[in-house]
Amino acid sequence: MKLQNKTTISILIIVIAFILIISAEQIFLILPRFEKINLEKATDTVDEGLRVMGDELDNIAMIVSDYAIWDDTYNYTFTRDENFIANNFTDATMDNLNMALVGIYGKDGFLFSYDRLADSSQAAAIKNEVVARFDPEQHERTGFITVGDKTYMFSCEVISTTDESQHADFHIIFLRDYLETVNQKLAEIPGAKLEIIEFQGMTEAQQLNIERVFQNYLGQGANAAMGRLVFGEPINARELVVYSFLTNLEGQRFAVIRSKTSANIIAEGQNSLHQTGVILVLFGITIAALTALFVRRFIIDPLNHLKIGLDTLIDPGAIPASGYNPGLQRRQDEIGELYQKFLYVSADIKAANAENKRINNQLETMVLDRTKALKAANAKLILYGESFEETSEGLLVTDPQGHIIMCNKAFSALSGCSRDELVGQKPQLVNPVTDQSDFYEVLWDALKTRGSWEGELCYLHKNHTIKPIWLSFNAIRNEDKKITHYVGACSDLTGQKEMEDQLEQMAFYDGLTGLPNRSLFYIHLRKVVSRIKQDGGKMAVLFIDLDGFKLVNDTFGHSNGDQLLIEVGKRIGQHIRETDLLSRWGGDEFTVILDNIREKSDVKKIVSDLLYHISREIMIAGECISIGASVGIAIFPDAGDSIEQIMINADKAMYVSKSSGKNCYTFAKSPEQQLEIPKIVMINRLKRAIISNAFHLSYQPQIVVEAGRCQIFGAEALIRWTDEDGHTYMPDDFIALAEETGMINALGQWVINEACQAIREFMALGIAVPISINVSVTQFKSDDLVGTVKQAVKENRIDPQLLYMELTENIFVEDEKKTLTAIKALKELGIKIVLDDFGKGYSSLGLISQMPFDLIKVDKCFTQGIGLEKEKKLAAMIISIGEVLNLQTIVEGVETREQVDFHGQNGGRIYQGYYFSKPLEKTEFMDLCLGKWSLENMAGE
């Protein structure tokens, strides 16, 4: 960049910086000072208002003190002389003192009271509040008291004689309705508009605005006046609004004192600053222009002349086409003299430079070529050396006589010797696996004749240990085909051999407990079964699953859980016979083969002994814990005539033990007694059913009963599955299995689409009733639920408010924030949300009150137990909760007229149950909605 451009830019930067500094000073230093002065003025007006309030409090305290410290008042507390009341507390007295209530009271109530309140109930409430606050130890109090939604100024003091030598057990209180009087006095204060505004006279929006201003002001640091916090709204161009809270004796805020003052100081300051700023900016621009003119005239132009001279110095014979000043040589200043000297030395410098450049070019070419050759050779040598040294295989080079010349780190580590120890020695330490004395002669003869040898052998380490290695030797010959060196490469096979041993161990033994694993178990089981089939006899398979092992893992960690498994394995192994086989099946499961059993009682004795020893206390992480085990027993051949049947039946028997209370054993039934469909079969059938859409929805009506008349509110869609054999399954038969296997999302998506199609068909017939569908916790937690619902509503072109989604309280067990987000997303689509089985789950009323539910359903356990007094109260309470939360309530499981009548008397309106109707097919429900069935007879007489 040219010097002239740099100079111009520098001057512009200086001017801009000058403007920015002036602006910053005005904005951040001067203007805030004007704002502070104006704000202090506004704050002073609030202080003046607070002083007026203080004077009022002092006034009422002085009046109370006059009456409290008076012999007549003291005597009244003993004599109850009515003349004292008549003479001292009249309407004129109350008007003169501007009091709303006066009275003498003690811990048991008022001796007398006189009030000018229009509402007698308000006077009673005030006296009750005053008596409740009575404290004989507190002689006097002055301030504000809030009763109901009304706040009064009051003062009370203990009654005593005039010389205060004796005190009564009573206080005298004066109470004043202060607001109008104080506001009149505040209006007389000049310089601002002051007034007291009580919260009970504000709208909710006004209260929220004041609280917002207070919180914002706290974040910026608030001013304090007279011990009270003064805060203000953001400053605007017209006025300043400043507040201070007023609190009662309980520390509760009941009003604010507000000051509105003109922002004239700020406005005048802004105008002055704007004018000053414009003047300073113009001044800065003028100075910058004069500076630029001076620099150009006295600095830039002479430097341009010097540049022309330097160009001439570089090439004296060339005269610049433009910008050359012939008068430069005639200048009588330093620049002209400098130019003359440059011309004198230019010729010599150019000649020397040309010769130096020629010689340098020759030298650079020679050096560059040589350097490239050396770098290439050196790179090869480094690569060879690094490859030789860093390879993981042991490498060695010998002379033709077999003496080691060099070796790498891997060979040194393999031999256990340093390189100095190895160099000069023959590799005689390499011995064959067998003790062949002529091994070396055979190896060297092969190298000399064939030029190579390789094979597996053992190597004697320096510490006299044997290492298996794979050795490969090759001969190196020169141009005359004469052997000059031998190169050997050897690989340590120790890891490979150990791996082979480990693989053999891993193939048949458990890595944690060291017990036989499933593979070895099956090998042994096949031998035993084969022998029994040939020779007769019986054996038993025990399938042992630990109870509570997951809790131990979750509490103490997996490492402690592993220690528990090892200890249990030891205990089982110590209490079975030597002829029996114990194996770890996997996880927290063990299997045992009891061979050569004669009676079922023998198995019972062994298993009972095992359960006892398993349940004994175990020390884990410093804690004594005990666990149990569920055992399934299958006797061969009684419980099956094949290995597969025996294992399946033992596993089933174990699950029966689990469901029977755990820490027990169950004998498997014979194949003829196995009527239950195996779980894997049910899973496969359910998969095929989802693919073939072998489901349909039934619709159970929801009825509104009012004044003895019934009408349809909506219906709950209930899924049914009919398998290939024509057997129909209820949701309880397969929903849990669908959740366990991850098929619930596909099944739930089918229900959503089918329900929306049904709503579309109903709407085509003029039927606009809501349809409820059940959503499982697993489906609700999935990320695509909202998208699925949105797409189904859009594709079927239905009113989304006709689709109700029933959720159980279990959705709140995990991640409440994500649950609330999903519910809100569904609500934004227009979907109605129903809380199902209310009162049966885990949620709290506080949480439910925050959730945007539309309806709640009373669980049928409360309905069907309606004959019991406790269930009656709970059912009525749930309906009442719905009313408090402004939610409609649907009563489930209604089966009798008594249940309908009871819920109707306690606010119930909507019912669902077999008393009204069983679940109907879609066409039957359509006929019901179209009036082909009469609803009047459904609720009974």
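Counting starts from 1 at the beginning of each chain's written sequence and moves along it residue by residue. Side-chain atom pairs in this predicted model are given and counted only at pLDDT of 80 or more, local residue features only at pLDDT of at least 70, and totals for whole chains, interfaces and linings cover all residues. Water and hydrogen atoms were dropped before computing side-chain values, which therefore reflect all heavy atoms in the structure.

A. Geometry of the overall build of the protein. Only DSSP runs of H or I covering at least 4 residues are called helices, and only runs of E covering at least 2 are called strands; the numbering of each starts at the N terminus. Helix and strand content of the protein: 29 helices and 32 strands. For the protein, the computed accessible surface area is about 52000 Å², with 53% contributed by carbon and sulfur atoms. Surface accessibility in these figures is a Shrake-Rupley result with a 1.4 Å probe; residues are shielded only by whichever protein chains are displayed.

B. The arrangement of the packing of aromatic side chains in detail. Each aromatic pair joins two rings of Phe, Tyr and Trp (for Trp, the six-membered one) with centres within 6.5 Å, and gets the label stacked for planes under 30 degrees apart, edge-to-face for over 60, and tilted for any other angle. Scanning all chains against the criterion turns up 33 aromatic pairs. Taking 6.2 Å as the distance between ring centres and 75° as the angle between the ring planes, the aromatic pair formed by tyrosine 67 and tryptophan 70 counts as edge-to-face. Each residue gets one of three labels from its accessible area relative to the maximum for its type: buried under 20%, exposed over 50%, partly exposed in between, using a 1.4 Å probe on protein chains only. Taking the relative accessible area as the measure of exposure, tyrosine 67 reaches 14% and is therefore buried. Between the aromatic rings of phenylalanine 84 and phenylalanine 89, the centroid separation amounts to 6.0 Å while the plane-to-plane angle is 75°, which identifies the pairing as edge-to-face. We note that phenylalanine 84, like phenylalanine 89, is buried. An aromatic cluster is present here, built from Tyr67, Trp70, Tyr76, Phe84, Phe89, Phe112 and Phe174 joined pairwise through their rings. Here, a charge over a ring is recorded when the distance from Lys NZ or Arg CZ to the ring centre is within 6 Å and its angle to the ring normal is within 35 degrees. Lying across the ring of phenylalanine 110, lysine 127 places its NZ or CZ 5.9 Å from the centre. Here the guanidinium or amino end of lysine 150 rests over the ring plane of tyrosine 152, the centre of that ring lying 5.9 Å away.

C. The layout of surface pockets, seen in detail. With a 1 Å grid spanning the protein atoms alone, the term cavity applies to any set of points in which a 1.4 Å probe fits but cannot get out, the term pocket to an open set with protein on both sides within 12 Å along at least five of seven lines, and the term lining residue to any residue with an atom within 4 Å of a point. Grid points are joined across faces, edges and corners, and a volume is the space filled by probe spheres set on the points. Each pocket or cavity is described by its volume, and for the largest pocket that value is around 1300 Å³. What lines the largest pocket is a set of 40 residues, among which Glu716, Leu718, Pro731, Asp732 and Asn774 lie closest to the centre. When contributions to the lining of the largest pocket are tallied by element, the ones reaching two or more residues are strand 25 (709-722), helix 20 (731-741), helix 21 (744-764), helix 22 (777-781), strand 28 (803-808), strand 29 (832-838) and helix 26 (860-864). In this classification, Asp, Glu, Lys and Arg are treated as charged, Ala, Val, Leu, Ile, Met, Phe, Trp, Tyr, Cys and Pro as nonpolar, and every other residue, Gly included, as polar. Taken together, the residues of the lining of the largest pocket break down into 15 nonpolar, twelve polar and 13 charged.

D. View of a negative patch on the surface. A surface patch of negative charge is lined by Asp71, Asp72, Asp163 and Glu164. The topology assignment puts aspartate 71 in helix 2 (residues 71-79). Patches draw on residues past 30% relative accessible area with no salt bridge. Two like charges within 9 Å are joined, as are two nonpolar side chains (Val, Leu, Ile, Met, Phe, Trp, Tyr) within 5 Å. Think of a salt bridge as a Lys or Arg side-chain nitrogen and an Asp or Glu carboxyl oxygen that are within 4 Å of each other. The charged-residue count follows a simple rule in which Lys and Arg add positive charge and Asp and Glu add negative charge, with His and chain termini not counted at all. Charged side chains are reduced to one point each, which is NZ for Lys, CZ for Arg, CG for Asp and CD for Glu.

E. Examining helix 23 (residues 785-796) more closely. For helix 23, which comprises twelve residues, the first-to-last C-alpha distance of 17 Å matches the rise-based estimate of 16 Å (1.5 Å per residue) to within 8%. Among the residues of helix 23, Leu785, Thr788, Val789, Ala792, Val793 and Asn796 are the ones counted as buried. Down the axis of helix 23, the buried set is contained in an arc of 125°. They therefore lie on one face. Residues of helix 23 that are exposed and point more than 90 degrees away from the buried face comprise Lys790, Lys794 and Glu795. Here, residues are in contact when the closest pair of their heavy atoms is within 4.5 Å. Considering only its buried residues, helix 23 is in contact with helix 21, helix 22, strand 28 and helix 24 (816-829). One or two positions beyond helix 23, positive phi appears at arginine 797, with a value near 55°. In a helix, the anticipated span is given by 1.5 Å times the number of residues less one. Regarding the arc, it is the one traced by the directions from the helix axis to the C-beta atoms.

F. Geometry of the sheet that holds strand 5 (residues 167-176). Pairing in this open sheet of five strands is antiparallel, and the strands run 2-1-5-4-3 from one edge to the other. In this open sheet, the two edge strands, each paired with only one partner strand, are strand 2 (109-115) and strand 3 (140-147). Mean inter-strand twist for the sheet, computed between neighbouring axes without regard to direction, equals 20°. All axes are obtained by fitting lines to C-alpha atoms, using only the stretch in contact for helices, and the reported angles, taken between N-to-C directions, cover 0 to 180 degrees. In the packing of helix 2 onto the sheet, the strands contacted are strand 1 (101-106), strand 2, strand 4 (150-160) and strand 5, and the crossing angle to strand 5 comes to about 115°. Whether two strands pair depends on DSSP finding at least two bridges between them.

G. The arrangement of the nonpolar core in detail. If you look at the biggest cluster of nonpolar residues, it comprises 75 residues, and the most contacted ones within it are Phe695, Phe780, Val789, Leu803, Met805, Phe916 and Phe925. By residue number, the principal contributor to this core is helix 21, which donates ten residues. Not counting residues within four places of it along the chain, the set of residues in contact with methionine 805 comprises Ile773, Val775, Leu785, Val789, Leu826, Ile831, Lys832, Ile833 and Val834. In this structure, Ala42, Val46, Leu57 and Leu97 belong to the second largest nonpolar core, which totals 54 residues. In this text, buried Ala, Val, Leu, Ile, Met, Phe, Trp, Tyr and Cys residues form a nonpolar core when linked through side-chain atoms within 4.5 Å.

H. Empty space enclosed by the protein, seen in detail. Applying the stated criterion across every chain, the model contains two cavities of 30 Å³ or more. What the largest cavity holds in volume is close to 120 Å³. Surrounding the largest cavity, 14 residues form its lining, Tyr105, Arg133, Arg141, Phe154 and Cys156 being those nearest its centre. Secondary-structure elements contributing two or more residues to the lining of the largest cavity are strand 3, strand 4 and strand 5. With three residues, the single largest contributor to the lining of the largest cavity is strand 3. When grouped by side-chain class, the residues that make up the lining of the largest cavity number eight nonpolar, two polar and four charged.

I. Structural context of the sheet that holds strand 22 (residues 628-636). Taking strand neighbours across the sheet as the criterion, the five strands line up as 18-19-17-22-23 in an open arrangement whose pairing is mixed. The open sheet terminates on both sides in strands that have one partner only, identified here as strand 18 (581-586) and strand 23 (665-667). Within this sheet the neighbouring strands show an average axis-to-axis angle of 20°, counted without direction. As defined by bridge partners, strand 18 adjoins strand 19 (residues 589-594) across five bridges and the pair is classed as antiparallel. Paired with leucine 582 across the two strands is valine 592, which belongs to strand 19. Against the sheet, helix 16 (residues 558-574) contacts strand 17 (539-547), strand 18 and strand 19, and its axis sits at roughly 10° relative to strand 19. Sheet contacts for helix 17 (residues 600-614): strand 17, strand 19, strand 22 and strand 23; angle to strand 22, the most-contacted strand, approximately 160°.

J. Quick look at the pattern of salt bridges. Following the criterion strictly, the structure yields 32 salt bridges and no others. A salt bridge links lysine 185 to glutamate 56; the shortest N-O distance between them is 2.3 Å. With lysine 185 in helix 6 (residues 179-187) and glutamate 56 in helix 1 (residues 3-68), this residue pair connects regions lying 129 residues apart in the sequence. In this structure lysine 185 comes out as partly exposed when scored by relative accessible area, which is 36%. For glutamate 56, a relative accessible area of 6% gives the class buried. When the shortest N-O distance is used, the salt bridge between glutamate 195 and arginine 258 registers 2.2 Å. One end of the pair, glutamate 195, is in strand 6 (residues 193-198); the other, arginine 258, is in strand 10 (residues 253-262), with 63 residues separating them in the sequence.

K. Summary view of the environment of phenylalanine 254. Relative to the elements of secondary structure, phenylalanine 254 occurs in strand 10. Spatially, the C-alpha atom of phenylalanine 254 lies 7.7 Å from that of glutamine 200, the residues being 54 residues apart in sequence.

L. Region of the structure containing the pairing of strand 25. For strand 25, the tally of buried residues reaches eleven of 14 residues, placing the bulk of the element in the interior. With twelve bridges connecting them, strand 24 (residues 695-706) and strand 25 associate as antiparallel partners. Bridge pairing in strand 25 links valine 704 to glutamine 711. Sheet analysis places strand 25 next to strand 27 (residues 771-774), joined by two bridges and oriented parallel. Residue glutamate 716 lies in a different strand from strand 27, and its bridge partner there is serine 772. Of the strand pairs in this sheet, strand 25 and strand 26 (residues 728-729) are connected by two bridges, and their pairing is antiparallel. The residue bridging threonine 722 from the neighbouring strand is threonine 728, located in strand 26. Between the antiparallel neighbours strand 25 and strand 26 lie five residues, among them glycine 726 with a positive phi of about 85°.

M. Representation of the confidence of the model for the protein. Mean pLDDT over the protein: 82, with 85% of residues reaching 70 or higher. Per-residue confidence from the predictor is reported as pLDDT, which spans 0 to 100. Within the protein, no element has a lower average pLDDT than strand 7 (residues 223-225), which sits at 39, and none a higher one than strand 19, at 96. Overall, residues 221-227 carries pLDDT values under 50, and its contacts beyond four positions in sequence, including any with other chains, amount to 16 contacts. Counting interchain partners and residues more than four positions distant, the pLDDT-below-50 stretch residues 937-941 has eleven contacts.

N. Representation of the side chain of aspartate 836. Structurally, aspartate 836 is set in strand 29. It is lysine 857 that comes nearest to the buried, bridge-free aspartate 836 among opposite-charge side chains, at 4.4 Å. Ignoring sequence-local partners within four residues, the contact set of aspartate 836 consists of Asn774, Glu806, Leu807, Thr808, Glu809, Lys857 and Glu892.

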